[in-house]
Amino acid sequence: MTTPVCTSASAAAAPARQTYPSFASYVRARQPVLLRTARSLTANPNDAEDLLQTALAKTYVAWERIEDQRALDGYVRRALVNTRTSQWRKRRVDEFACDELPEPETVPGGDDPAERQALHDAMWRAVLRLPARQRAMVVLRYYEDLSEAQTAEVLGVSVGTVKSAVSRALGKLREDPELTLVR
């Protein structure tokens with residue numbers, strides 16, 4: 001097993017970012033952003049919290065070996081994606097029972113919250129139907145707003161692979177019968 005060291009040309013060329021004196025200070029400062037990434041990779045908020053905790057545990061173990069602290073977010077994102085991919089491979093199906101349905105959120109500006117929620121739910125179901133690799137790329141590109149190069153670096157693939165996989169994924173989403181009904 002190789003020891004991960006987070007250094008890269010793009011990280012070195014990136015503008016100076018904050019460095020953190022301790023792992024705890026890093027987690028305090030970046031937890032909301034990292035949790036958002038984890039939520040983009042899972043359908044359940046509780047699973048997202050578990051996923052983030054697992055990725056942070058992996059980061060904690062490697063904390064002393066990480067030479068370039070500007071690459072910490074990339075290291076944790078990579079741990080999130082790798083951990084989630086391992087979970088997808090297990091093909092475990094979870095069901096969540098609840099006693100009552102949650103109340104829809106009120107949306108200011110006159111939009112119908114039920115329609116907005118239906119579209120949101122339909123989109124996530126469509127994204128979850130994508131193959132794991134395409135799903136990870138779509139989440140990183142469009143939910144995390146990473147560039148193609150950043151997505152390629154996080155996933156350890158070429159930019160061309162990201163471009164072609166995202167193109168195929170968007171084609172599948174455009175043809176998804178559930179999304180064509182919602183439009």
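Please refer to the structure placed before this passage.
Reading the values: the criteria
- Residues numbered from 1 in each chain as written.
- Predicted model: local features only at pLDDT ≥ 70, side-chain atom pairs only at ≥ 80, totals over all residues.
- Heavy atoms only, no water.
- Salt bridge = Lys/Arg side-chain N within 4 Å of Asp/Glu carboxyl O.
- Helix = DSSP H or I, 4+ residues; strand = E, 2+ residues; numbered from the N terminus.
- Buried < 20%, exposed > 50% of the residue type's maximum accessible area, 1.4 Å probe, protein only.
- Core = buried A, V, L, I, M, F, W, Y, C linked by side-chain atoms within 4.5 Å.
- Contact = heavy atoms within 4.5 Å.
- Arc of directions from axis to C-beta.
- Phe/Tyr/Trp six-rings, centres within 6.5 Å; stacked < 30°, edge-to-face > 60°.

Participant: Before we move on, could you go through the pattern of salt bridges and cite the residues and values that matter?
Facilitator: Per the stated rule, a full pass over the model turns up six salt bridges. The partner of Glu-144 in a salt bridge is Arg-36, with the nearest N and O atoms 3.6 Å apart. One end of the pair, Glu-144, is in the loop between α6 (132–143) and α7 (148–155); the other, Arg-36, is in helix α2 (residues 23–41), and 108 residues separate them in sequence. Residue classification places Arg-36 among the partly exposed positions, given a relative accessible area of 46%. Glu-178 is paired through a salt bridge with Arg-129; the nearest N and O atoms lie 3.2 Å apart. Here Arg-129 lies in helix α5 (residues 113–129) and Glu-178 lies in helix α9 (residues 177–182), a separation of 49 residues in the sequence. Under the relative-accessibility criterion, Arg-129 is labelled partly exposed at 46%. Among the charged side chains, a network of salt bridges with common partners joins Arg-125, Arg-129, Asp-176 and Glu-178.

Participant: Describe the nonpolar core, with residues and values.
Facilitator: The biggest cluster of nonpolar side chains holds 43 residues, and the ones touching the most others in it are Tyr-26, Leu-52, Leu-56, Val-76 and Leu-80. Of all the elements in the fold, those that place two or more residues in this core are α2, α3 (45–62), α4 (72–90), α5, α6, α7 and α8 (159–175). When near neighbours in sequence (up to four residues on either side) are disregarded, Leu-52 contacts Gln-31, Leu-34, Leu-35, Ala-38 and Leu-80.

Participant: A description of α7 should follow, citing residues and the corresponding values.
Facilitator: Along an α-helix, residues three or four positions apart point the same way, because every turn accommodates 3.6 residues. The set of residues buried in α7 consists of Thr-151, Ala-152, Val-154 and Leu-155. Viewed end-on, α7 has its buried residues packed into an arc of 165°, placing them on one side of the element. One or two residues past the end of α7 sits Gly-156, with phi positive at roughly 70°.

Participant: So what about the packing of aromatic side chains? Which residues, and what values?
Facilitator: Scanning the entire structure with this criterion turns up four aromatic pairs. An angle of 65° between the planes, with centres 5.2 Å apart, marks the rings of Phe-23 and Tyr-60 as edge-to-face. Here Phe-23 is found in helix α2, whereas its partner Tyr-60 is found in helix α3, with 37 residues between them in sequence. Here Phe-23 falls in the buried class, since its relative accessible area comes to 16%. Residue classification places Tyr-60 among the exposed positions, given a relative accessible area of 55%. Taking the centre distance of 6.0 Å and the plane angle of 40° together, the rings of Tyr-26 and Trp-63 count as tilted. Within this pair, whereas Tyr-26 is found in helix α2, its partner Trp-63 is found in the loop between α3 and α4, the two being separated by 37 residues in sequence. The burial state of Tyr-26 is the same as that of Trp-63; both residues are buried. Grouping aromatic residues by their ring pairs yields a cluster made of Phe-23, Tyr-26, Tyr-60 and Trp-63.

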